[in-house]
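Residue-level listing of the chains:
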Amino acid sequence: MTKLSATTVAAEGNRQYHLDCKPGDLAENILMVGDPERVKKVLTRFESVRFQHSHREYVVATGLFQGVELSVLATGMGQDTTEIAVIESCQITKSPTFIRCGSSGALQPEPKLGDLAISQASLRLDKTTYYYVPDSYPAIADTEVVLALAQSCKQNAAPFHVGLTASAPGFFGPQGRELPGFPIRFPELPNELARCGVMNFEMETATLFTLAKLRGVRAGAICAIFGNRSQDQFADPTEREKAEARCIDAALQAFPILQKMDAQKNEEGTPIWTPS
């Protein structure tokens, strides 16, 4: 029996099995979103589009945003689909920069509905990343991406917060939500995380950060606050739509900022961008 290796799964021409994309289809700058419908909203901000494709739950498009070549990739919900998207993207790009643009729920009282949350690091509450790194391995964002996202929020006059994120492997029980007929083991989890200073809850960031750090590429995440668990609040559809648009604009604008930071860094010959 022949062992089915990872390289065997890729089709002819290095076309990836799940994304169904080959080298050249993706840009080195990749905006990751969960909802496939969000791709359409992102593309309204592009100057031009050279590639569009969908396969399974993955929707991808590549074009220009403010002169920067950029891909937007919808991964669906959860850590497992994010793992596939990150790894297959890395097989057909050289040194990608990933930014996740998503939604989340605040665990602290300060973030208001519609505010943006920039992740410095994420708690790995999932099991996907445990197949790659030990329990103590931190899931951290790239410092330059965090700074670029913060600068982008300032430029867009978007209220934002920076802090720790918790990435759960599900929406209900794994985030402390108990529904009739589905008793959960850890109902106090949101309160425990809040006491530890965790800013927000979502479902993908830890996998993105872990795999990006393992691969040696940059990654960051910014999420719109759709709900506040400490205040028992949830945004209505109009509020969510506005917050989503604010998050998309901030995430996109971070890529041109990173390009300028890279140019300055290369000119100065420093391994990381520093304010000067």
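Just above, that's the structure.
Structural notes, computed from the coordinates. Note that the structure is predicted; figures quoted are calculated from it, not measured.

It is worth spelling out the state of the cysteines at this point. The full count for this structure, using the stated rule, is 0 disulfides. You can see Cys-21 has no disulfide; the closest cysteine sulfur is in Cys-90, sitting 14 Å from it. Accessibility expressed as a relative area gives 1% for Cys-21, which makes it buried. Looking at the unpaired Cys-223, the closest cysteine sulfur is the one in Cys-247, lying at 6.1 Å. Look at Cys-223 and you get buried, because its relative accessible area is 0%.

With that settled, the discussion passes to helix α2 (residues 36-43). Buried residues of α2: Arg-38, Val-39, Val-42 and Leu-43, and no others. Along the axis of α2, the buried positions cluster into a sector of 140 degrees, meaning they face one direction only. Close packing links the buried residues of α2 with β1 (29-33), β2 (48-55), β3 (58-65), β4 (68-74), β5 (97-106) and α7 (237-268).

Below, the discussion takes up the packing of helix α3 (residues 79-91) against helix α6 (residues 205-215). Running from N to C, α3 and α6 point in directions that differ by 25 degrees, and their axes come no closer than 9 Å. Put simply, α3 runs roughly parallel to α6. Regarding α3 and α6, the two cross each other, and that crossing is right-handed. From α3, Gln-79, Thr-82, Glu-83, Val-86, Ile-87 and Cys-90 reach across to α6, where they touch Ala-206, Thr-207, Leu-208, Leu-211 and Arg-215. Counted by class, the contact of α3 with α6 contains 6 nonpolar, 3 polar and 2 charged residues.

Here we come to α7. Relative to the 46 Å expected for 32 residues at 1.5 Å per residue, α7 spans 47 Å between its end C-alpha atoms, a close match to the ideal helical length. For α7, the N-terminal cap is Asp-236; the gap from its side-chain oxygen to the backbone nitrogen of Thr-238 is 3.1 Å. Note on α7: the residue one or two positions beyond its end, Gly-269, has a positive phi of about 70 degrees.

For the coordinates displayed, the defined rule picks out 1 aromatic pair. Relative to Phe-172, the ring of Phe-171 has its centre 5.1 Å away and its plane inclined at 90 degrees; by these criteria the two rings are edge-to-face. For Phe-171, a relative accessible area of 40% corresponds to the partly exposed category. We classify Phe-172 as partly exposed; its relative accessible area is 44%.

A contiguous nonpolar patch, built from Phe-171, Phe-172, Leu-179 and Phe-182 and spanning about 420 Å² of accessible area, is present on the exposed surface. Here Phe-171 is to be found in the loop between β8 (160-167) and α5 (189-195).

Before going further, it helps to examine the nonpolar core. Counting 60 residues, the largest nonpolar core has Leu-31, Val-72, Phe-98, Ile-99, Leu-116, Ile-222 and Leu-252 as its most contacted members. For this core, the element with the highest residue contribution is α7, accounting for 11 residues. Setting aside anything within four residues of it in sequence, one finds Leu-31 in contact with Val-42, Leu-70, Ser-71, Val-72, Leu-73, Ile-99, Cys-101, Ala-251, Leu-252 and Phe-255.

A word on the packing of helix α4 (residues 143-155) against α7. With their axes 8 Å apart at the nearest point, α4 and α7 run at an angle of 125 degrees to one another. Classified by the interaxial angle, the pair formed by α4 and α7 is oblique. The crossing of α4 and α7 is right-handed. From α4, Glu-144, Val-145, Leu-147, Ala-148, Leu-149, Gln-151, Ser-152, Cys-153 and Gln-155 reach across to α7, where they touch Asp-249, Ala-250, Ala-251, Gln-253, Ala-254, Ile-257, Leu-258, Met-261, Asp-262 and Lys-265. Classifying every residue of the contact of α4 with α7 by side-chain character gives 11 nonpolar, 4 polar and 4 charged.

Glancing now at the environment of Leu-179. Residue placement: Leu-179 occurs in the loop between β8 and α5. Spatially, the C-alpha atom of Leu-179 lies 36 Å from that of Val-146, the residues being 33 residues apart in sequence.

What follows deals with the environment of Met-77. Here Met-77 lies in the loop between β4 and α3. For Met-77, a relative accessible area of 68% translates into the label exposed. Taking the C-alpha atoms as reference points, Met-77 and Glu-204, separated by 127 residues in sequence, lie 7.4 Å from one another.

Rules used in this analysis
- Residues numbered from 1 in each chain as written.
- Predicted model: local features only at pLDDT ≥ 70, side-chain atom pairs only at ≥ 80, totals over all residues.
- Heavy atoms only, no water.
- Disulfide = S-S within 2.5 Å.
- Buried < 20%, exposed > 50% of the residue type's maximum accessible area, 1.4 Å probe, protein only.
- Helix = DSSP H or I, 4+ residues; strand = E, 2+ residues; numbered from the N terminus.
- Arc of directions from axis to C-beta.
- Contact = heavy atoms within 4.5 Å.
- Axes fitted to C-alpha atoms, helices over the stretch in contact; angles between N-to-C directions.
- Parallel < 35°, antiparallel > 145°, perpendicular 65-115°, else oblique.
- Left-handed = near helix turned anticlockwise from the far one by under 90°.
- Nonpolar A, V, L, I, M, F, W, Y, C, P; charged D, E, K, R; others polar.
- Expected span 1.5 Å × (residues − 1).
- Polar contact = N/O pair within 3.5 Å; in protein donor to acceptor, adjacent residues only side chain to side chain.
- Phe/Tyr/Trp six-rings, centres within 6.5 Å; stacked < 30°, edge-to-face > 60°.
- Patch = residues over 30% accessible without salt bridge, like charges linked within 9 Å, V, L, I, M, F, W, Y side chains within 5 Å.
- Areas by Shrake-Rupley, 256 points an atom, 1.4 Å probe, with all protein chains shown as cover.
- Salt bridge = Lys/Arg side-chain N within 4 Å of Asp/Glu carboxyl O.
- Core = buried A, V, L, I, M, F, W, Y, C linked by side-chain atoms within 4.5 Å.

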